Amino acid sequence: MEEILYAYWLSNLDGIGNKTVRTLREYAGSLEDIWNITPKELDDASLGLTQPMKNLILTSRDESAVKRSFEDMLKTGISFYHIDHPEYPPKLKYIYDPPQGIYVKGRLPDPGALSIAIVGARNCSEYGKMMAAKIASALARAGVQIISGMARGIDGIAQEAALDAGGYTCGVLGCGVDICYPEENRRIYDRLITSGCLISEYHPGVPAKSGQFPLRNRIISALSDIVTVIEARERSGSLITADQALEQGRDVYALPGRVCDALSQGCNRLIRQGAGIILSPDDLLKEIGAGFIRDDPYEDTQTKKAEAVQLSLSASCLLSDDEKRLLSVMDYTPKSVDELCTGSGLDTARIYGCLMQLSLKGLIAQKGSRYILTKQP
Amino acid sequence: MFCYVNTGAVTGLKCDLIRVEVDSSPGLPCFQMVGYLGSEVKEARERVKVALRNSGFVLPATNLNVNLSPANIRKSGTSYDLPIAVGILAASGMIDPRRLEDMLIIGELGLDGDIRHVRGILPIVKEAVSHGIRKVILPISNVREGALIPDAEVIGASHLSEVREYLSVPADEQDGILRRADHTDITGYLQRSLEEAPDFADVRGQESVKRAAMVAAAGFHHMLMIGPPGSGKTMIARRMPSILPPLTPEEALEISAIYSVSGQLKEDQPLVSFRPYIAPHHTITQQALAGGGVRARPGLISLAHRGVLFLDEMTEFDRSTLEIMRQPLEDKQIRIVRSSGSFSYPADFMLIAACNPCPCGYYPDMNKCRCSPNQIARYINRISGPLLDRIDICCEAESVELCKLKDSDTPSLSSADMRAMIEVARKRQAHRFRDMKIHFNAEMSGRDTDRFCRLGASEQLLISSAVETLGLSARSYHRILKLSRTIADLEDKDDISEAHLSEALFYRTSGTGYWGR
């Protein structure tokens, strides 16, 4: 039997995790030796196996069944790479606790190209949403591969923006790659299969469990050269990713926020501890060195800036005085109608018309019952 | 000897005149009652017997038969005691039966012969007058209620012996025993009540919610307020009746009839003079809200008729209880079928609902709220889509900063200011619907909407693009039009402008941030 099948067999044993497989390999020597292990060897106390684990190893050794299951999996478009496989991502191989095997749907990231992880809070603010999309889109256009966890909030938004920009992005899941979790990101999941990839160390069919997510964070940071944190509360999962990135020797960048925003406290703390500061997507690209960059994003942004100025000039000419006043009190935090009334001095009867006009001109956006600035006038 | 007494029965809000027929004939002395009687009415036999004895009358030693006709209507309640007692007196020759023919008698008896308060006087007296029976003898505590009906000659009595004496003396001496009550002055009541209501001026800040409340009141649109605890949602709802137009005498009588049937009219408050404000607790049962029970009574949605039904913490209500309101919200009445018959109660109320945006109550304040998007969606989705679809206005109440509360210099819209603006919109609606059966913009049908809510070219463009980008349904489209009609009416404008449409769109779409639709 081929080596990959032994690895596949081992990684499909529920209850036998990554660490146990590593211990077994160290004890037995090769994967084939694990397959051929005797019950007496399994009893060795240094392995620390429980009786159910031993039984599982001994009873599941059915060559034809393993082969059949492997082929069935390949048919569903999922591939499996064990740690010694030539296509196994090299960045992942040399961390403290590399996955013994990974399941992949889609195309693995190019090991030669720059990869940046974008992570952040699931329950994020409008500011976080906007910045995540902006940064992901700019990086993707510059040819950077975006790594993230396809979670709610920042992760999903960043990956969707990268896909929209035509870039490559890889989602590392905390469940089997055949499962879309969270379900609301189904759209992103489908797009990742065709124009990116999904990676998981859990075999197909493993449901999402809370304990698996911190573990998958180590794969996110390992696959990237740089980890950026967009929004994080104090003591959040994104900070675990940042910690692991530092352990793995990756650079960490954080997006600063206001000190009174709970969602920026984790990021600000990272900066305090020495993380890089993200001032803008362009700034980040320059900071990490133009050598990696495929196109010249600087020129690109210059033309865009000029376009933006042109647009804002033409738009502001068309704005009424009320609209200009209203626009002057808006910013990137969502504001309620009452706040805008007090700020601009418009009364409740007049303000809705102005808000609608500004929305139609694309200068502001309605978020529920609040409004946020979308473009700098 | 045979004689009869007129009285009335209420089923639902419908009234039937009942004849209490009494026959006293020679035979074994006994006292029997028939005519589809409920258990309270069967008990009347004992009460009447004792009350007669204690009032100094001796039951004749004859075969007494009482029939409540028509015998196919179920009789319930205690209001038959007095007519039965009077009937027996007449059948045994102590009262001239001819004097009872053009008269209606109603009341409960105590064992000592006292006449006690009963429910449902208002609709019964109204029914009697419409049948040409104008003279009504009723319990003294019900007099002011009965005297609300114009043309009714209402006579209050407090004891059985008074009634007997009244009916046995010559007509010109009657006034010395029991006097005809003066007609209750409805308009006087209605005017007095306006001054007592809580005022919108007490609500500081929340200008946009107050504006939304004004639009709701002007066009009788339903409204949902979403906001953190303590932002003044209940305060605003409590003040809604103060900006609704004062009750007309007809409306006051209509509402009072419902309250009378459910036994909620008090001796000192015989008329519901203020728009009802009903705020049930969220643990309310389906029956209490919709009405019903073994002896059907109006539910809270009927007690809120022509007034405000305020559902605080709407997400905490039992879902099936809320769903009950779907049909009354469309039909303006509720039909209840029970084994004792089917009843229909009016339920034309303005629904004002309030809820928190999420389980902790602070979303979208990300510094305070730690609820996940799933939790938030689940929370708000406890209110079903079809119900939300019937609510035209959704607005967000924000937590108000302390400085704003203290700053008494900032002008705050008072109820009187708001009423003045609403009056303008009212007049326009009254004129618009003068030949129709509806009164408010919210009641317009699709056809009326097309007729009265014509849009200009730029407005048409605006709403088409909104419908497209927001994916609004045809029903939403019509509701937005009706809402913008009300907003234009508030400003006394004939045409709906882009600003009016924008405001209506805002009210219709501002909730989408919460339930993602």
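Fair warning: this is a prediction, and the values are worked out from it, not measured in the lab. (Residues numbered from 1 in each chain as written. Chains lettered and ligands numbered in written order. Predicted model: local features only at pLDDT ≥ 70, side-chain atom pairs only at ≥ 80, totals over all residues.)

## Description of the overall build of chain A
Condition: Only runs of H or I of at least four residues qualify as helices and only runs of E of at least two qualify as strands under DSSP, and these elements are numbered from the N terminus. Residue burial is a threshold on neighbouring C-beta atoms within 10 Å of the residue's own C-beta, all placed from the backbone, with 20 or more meaning buried, 12 or fewer meaning exposed, and counts in between meaning partly exposed. It is the C-beta atoms, placed from the backbone, that decide contacts: two residues are in contact if theirs lie within 7 Å.
Each helix and strand counted, chain A has 18 helices and 12 strands in total. Counting the 377 residues in chain A, one finds 46% classified as buried. Across chain A, the fraction of contacts at a sequence separation of at least 24, relative to all contacts at a separation of at least 6, is 68%.

## Regarding the pairing of strand β6 (residues 196-200) of chain A
Residues and elements named next belong to chain A. Inclusion rule: We treat two strands as partners when DSSP finds at least two bridges between them.
Counting buried residues in β6 gives 5 out of 5 residues, a clear majority hidden from the surface. A two-sided burial pattern is seen for β6, the buried positions comprising Gly196, Leu198 and Ser200 on one face and Cys197 and Ile199 on the other. Note: strand β5 (residues 169-172) against β6, 4 bridges, orientation parallel. Paired with valine 172 across the strands is isoleucine 199, a residue of β6.

## Some details on the interface of chain A and chain B
Stated formally: Note on residue categories: nonpolar means Ala, Val, Leu, Ile, Met, Phe, Trp, Tyr, Cys or Pro, charged means Asp, Glu, Lys or Arg, and polar means any other residue, Gly included.
Each partner contributes residues to the interface: chain A has 21 residues there, and chain B has 23 residues. Sorting the residues of the side of chain A that touches chain B by element identifies α17 (337-344) and α18 (348-360) of chain A as the ones contributing at least two each. In terms of residue count, α18(A) provides more of the side of chain A that touches chain B than any other element does, 6 residues in total. A per-class count over the side of chain A that touches chain B returns 8 nonpolar, 7 polar and 6 charged.

## Observations concerning the environment of B:Glu313
Residues and elements named next belong to chain B. Assignment of secondary structure puts glutamate 313 in the loop between β14 (308-311) and α13 (319-323). With 32 residues separating them in the primary sequence, glutamate 313 and histidine 281 have C-alpha atoms 8.6 Å apart. In contact with glutamate 313, not counting residues within four places along its chain, are His282 and Cys355.

## Here's the deal with the confidence of the model for chain B
Counted only if it meets this: Within a predicted model, pLDDT stands for the predictor's per-residue confidence, ranging from 0 to 100.
In this model, chain B carries an average pLDDT of 89, and 96% of its residues clear a pLDDT of 70 or more. If you check the scores for this complex, the pTM reads 0.83 and the ipTM reads 0.79.

## Structural notes on the nonpolar core
Note the threshold: In these notes, a nonpolar core means any group of buried Ala, Val, Leu, Ile, Met, Phe, Trp, Tyr and Cys residues linked to one another through C-beta atoms within 7 Å.
A:Ile118, A:Ala136, A:Val229 and B:Ala85 are the most contacted members of the largest nonpolar core, which has 252 residues in total. Considering every element that reaches this core, the biggest residue donor is helix α8 (residues 126-141) of chain A, with 9 residues. Setting aside anything within four residues of it in sequence, one finds B:Ala85 in contact with B:Val48, B:Ala51, B:Leu52, B:Leu109 and B:Leu160.

## Here's the deal with helix α15 (residues 373-380) of chain B
Formally: The arc in question is formed by the directions pointing from the helix axis toward the C-beta atoms.
Those residues of α15(B) that sit buried are B:Ile376, B:Tyr379 and B:Ile380. Within α15(B), the buried residues cover an arc of 85 degrees as seen down the axis, which keeps them to one side.

## Re unusual backbone geometry
All names here are of chain B. Here the residue pair serine 69 and proline 70 is connected by a cis peptide bond, since its omega of 0 degrees sits within 30 degrees of zero. Residue placement: proline 70 occurs in the loop between β4 (63-69) and α2 (81-91). The residue after tyrosine 363, namely proline 364, is reached through a cis peptide bond having omega 5 degrees. Even without being glycine, tyrosine 36 reaches a positive phi, approximately 55 degrees. The residue tyrosine 36 is located in the loop between β3 (30-34) and α1 (39-54) in this model. Look at tyrosine 36 and you get partly exposed, because 14 C-beta atoms sit within 10 Å.

## Quick notes on the pairing of β5(A)
Residues and elements named next belong to chain A. Going by this rule: Here a crossover is taken to be right-handed if, once the strands point away from the viewer, the path from the first strand over the helix to the second is traced clockwise.
Alternating residues of β5 divide into Thr169 and Gly171 and Cys170 and Val172, and every residue in both groups is buried. Here strand β4 (residues 145-148) pairs with β5 via 3 bridges, running parallel. Its bridge partner being in β5, isoleucine 146 is matched across the sheet by threonine 169. Remark: the β4/helix α9 (residues 154-164)/β5 crossover connection has right-handed handedness. Traced from β5 through helix α10 (residues 186-195) to β6, the parallel crossover comes out right-handed.

## Digging into the sheet that holds β14(B)
What links the strands of a sheet is backbone hydrogen bonding, and the strands pair in either a parallel or an antiparallel sense. Residues and elements named next belong to chain B. Rules: The axes are straight lines fitted to the C-alpha atoms, using for helices just the contacting stretch, and the angles between their N-to-C directions are given from 0 to 180°.
Ordered in space as β11-β14-β17-β10-β18, the 5 strands form an open sheet in which the pairing is parallel. Edge strands, defined here as strands with exactly one partner in the open sheet, are β11 (277-278) and β18 (393-396). Of the strands in this sheet, β10 (223-226), β17 (350-355) and β18 touch helix α7 (residues 207-219), which is tilted by about 165 degrees from β18.

## Digging into the packing of helix α1 (residues 3-11) of chain A against helix α6 (residues 63-75) of chain A
All names here are of chain A. To keep things clear, this is the line we draw: Angles are sorted into four bins: roughly parallel if under 35 degrees, roughly antiparallel if over 145, roughly perpendicular if 65 to 115, and oblique for all others.
Closest axis-to-axis distance for the α1/α6 pair is 10 Å, and the angle between their directions is 90 degrees. As judged from the angle between their axes, α1 and α6 are roughly perpendicular. Of the residues in α6, those touching α1 at Leu5, Tyr8 and Trp9 are Val66, Lys67 and Phe70. The residue makeup of the contact of α1 with α6, split by class, is 5 nonpolar, no polar and 1 charged.

## With respect to the sheet that holds strand β9 (residues 276-277) of chain A
Residue and element names in this part refer to chain A. With mixed pairing, 9 strands are arranged side by side in an open sheet as β1-β2-β6-β5-β4-β3-β7-β8-β9. Edge strands, defined here as strands with exactly one partner in the open sheet, are β1 (78-82) and β9. Sheet contacts for α8: β3 (115-119), β4, β5 and β7 (226-229); angle to β3, the most-contacted strand, approximately 170 degrees. Its contacts with the sheet place α9 against β3, β4, β5 and β6, and it is angled at close to 160 degrees to β4.

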